[in-house]
Amino acid sequence: MSSETKIPNCVGIIMDGNRRWAKAKGLPTFMGHNKGYETLKDFLKIAKNRGVKHVIAFAFSLENWNRSKEEVSFLLGLISRIFREERNKFIEEKTRIYFAGDISKFPKDMQIDMKKLEDDTKQFDEMSLTLCVSYGGREEIVTATNKCIAEGITNITDKDISEHLYTANIPDPDVIIRTSGEMRLSGFLLWQATYSELFFTNTLWPDFEEEEFDKILAEYSNRERRLGK
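Since this is a predicted model, take the numbers as computed values, not measurements. (Residues numbered from 1 in each chain as written. Predicted model: local features only at pLDDT ≥ 70, side-chain atom pairs only at ≥ 80, totals over all residues. Heavy atoms only, no water.)

A.B. asks: Is there a simple way to think about helix α2 (residues 29-50) in this case?
C.D. replies: Given 3.6 residues per helical turn, the α-helix brings residues three or four places apart onto the same face. In a regular helix each residue adds 1.5 Å, so 22 residues correspond to 32 Å; α2 covers 31 Å between its end C-alpha atoms and thus fits that length. Where α2 is concerned, the buried positions are Gly-32, His-33, Gly-36, Tyr-37, Thr-39, Leu-40, Phe-43, Leu-44, Ile-46, Ala-47 and Arg-50. Residues of α2 that are buried in the fold lie against β1 (10-14), α1 (18-24), β2 (54-61), α3 (69-92), β4 (127-135) and α7 (210-222). Of the residues one or two after α2, Gly-51 is the one with positive phi, at around 105°. (Helix = DSSP H or I, 4+ residues; strand = E, 2+ residues; numbered from the N terminus. Expected span 1.5 Å × (residues − 1). Buried < 20%, exposed > 50% of the residue type's maximum accessible area, 1.4 Å probe, protein only. Contact = heavy atoms within 4.5 Å.)

In C-alpha cells:
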C-alpha cells in the first residue's frame, strides 16, 4: 500500500455470503457464520493497522429474526461470544464497542451484557467497532424521528435526526463495502450513507482478505469526493 493512500476514518461493512460460503463447501450453515465471525476479527486488526478509526459492521438485520430458530439461535450465540471471548481483548486494545439496533428484541441477559460491554469500553478513543444488530435503516430513521417528537421538537431538522440515530456518536462512513456480489445496501445506514463511497465485491465475506481491502483503499484514494459540492 502506498504511503500516499488516503485512509477512510470510518468504514462500513455488509458482511454478506456466509451461508453461500458454507453451501459451496458442503458445510452446515452455522460453519459459514462462524468463519464470518473469525473474518470480522481479522478485518478489525487489518483496519486498525491501516489507520481506520471506526468500523461499522452489519451483523444481524431485523429480517434475520425470520430465519429458522436454529440459525437465529446460532447467530445470537455468536453475538454472545463477543461478551465472553472478546471483552478483555477489546479493553486491552482500547477499542470502544457500540451496539446499534432494536436491542429490546434480544433476551434480557444479552441486553445487560451489551450495555456492560459498552460501559466497559466507553473511555477508549483509539478505535471503535459498532455492531448493527437487530438493525434496519428505515426503522432507525423512524425511531430517531419518534424520539425527537417525544422530546417536544416541533420543527425537526437533519441535525435533530442525526443526533438521535443509533450511530449518533459515530462518524458517517467514508466507505461502505458489501461482499458476495450483491449490489445494494439492504437497509444498511440509509441516512448515514448519503456521501459514502460504495464498493461491491464478488468475494464472499469469509474469504475477504487483507489484499482485497488494500485494493479498495487504493481505489478510494483515487476517487474524488465532492460531498455534494
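A.B. asks: Help me understand the packing of α2 against α7 in this model?
C.D. replies: Axis angle and axis distance: for two packed helices, these are the angle between their axes and the distance between the axes, and together they describe the pair. α7 packs onto α2 with a crossing angle of 40° between their chain directions and a minimal axis gap of 11 Å. By the angle class used here, α2 and α7 are oblique. Crossing geometry of α2 relative to α7 is assigned as right-handed. Listed contacts from α7 to Phe-43, Ile-46, Ala-47 and Arg-50 of α2 are Glu-210, Phe-213, Asp-214 and Leu-217. Its residues assigned to classes, the contact of α2 with α7 comprises 5 nonpolar, no polar and 3 charged. (Axes fitted to C-alpha atoms, helices over the stretch in contact; angles between N-to-C directions. Parallel < 35°, antiparallel > 145°, perpendicular 65-115°, else oblique. Left-handed = near helix turned anticlockwise from the far one by under 90°. Nonpolar A, V, L, I, M, F, W, Y, C, P; charged D, E, K, R; others polar.)

A.B. asks: Just checking my understanding: could you explain the packing of aromatic side chains for this structure?
C.D. replies: To describe a pair of aromatic rings, you give the distance between the ring centres and the angle between the ring planes. Scanning the entire structure with this criterion turns up 12 aromatic pairs. Each ring, one from Phe-60 and one from Trp-65, has its centre 4.9 Å from the other, and the planes form 80°; the classification is edge-to-face. Given the relative accessible area of 1%, Phe-60 is considered buried. Residue class for Trp-65 comes out partly exposed when judged on its relative accessible area of 24%. Every member of this aromatic cluster is reached through a ring pair, and the members are Phe-43, Trp-205, Phe-208 and Phe-213. Over the ring of Phe-199 we find Arg-223, and its NZ or CZ is 3.8 Å from the ring centre. (Phe/Tyr/Trp six-rings, centres within 6.5 Å; stacked < 30°, edge-to-face > 60°. Lys NZ or Arg CZ within 6 Å of the ring centre and 35° of its normal.)

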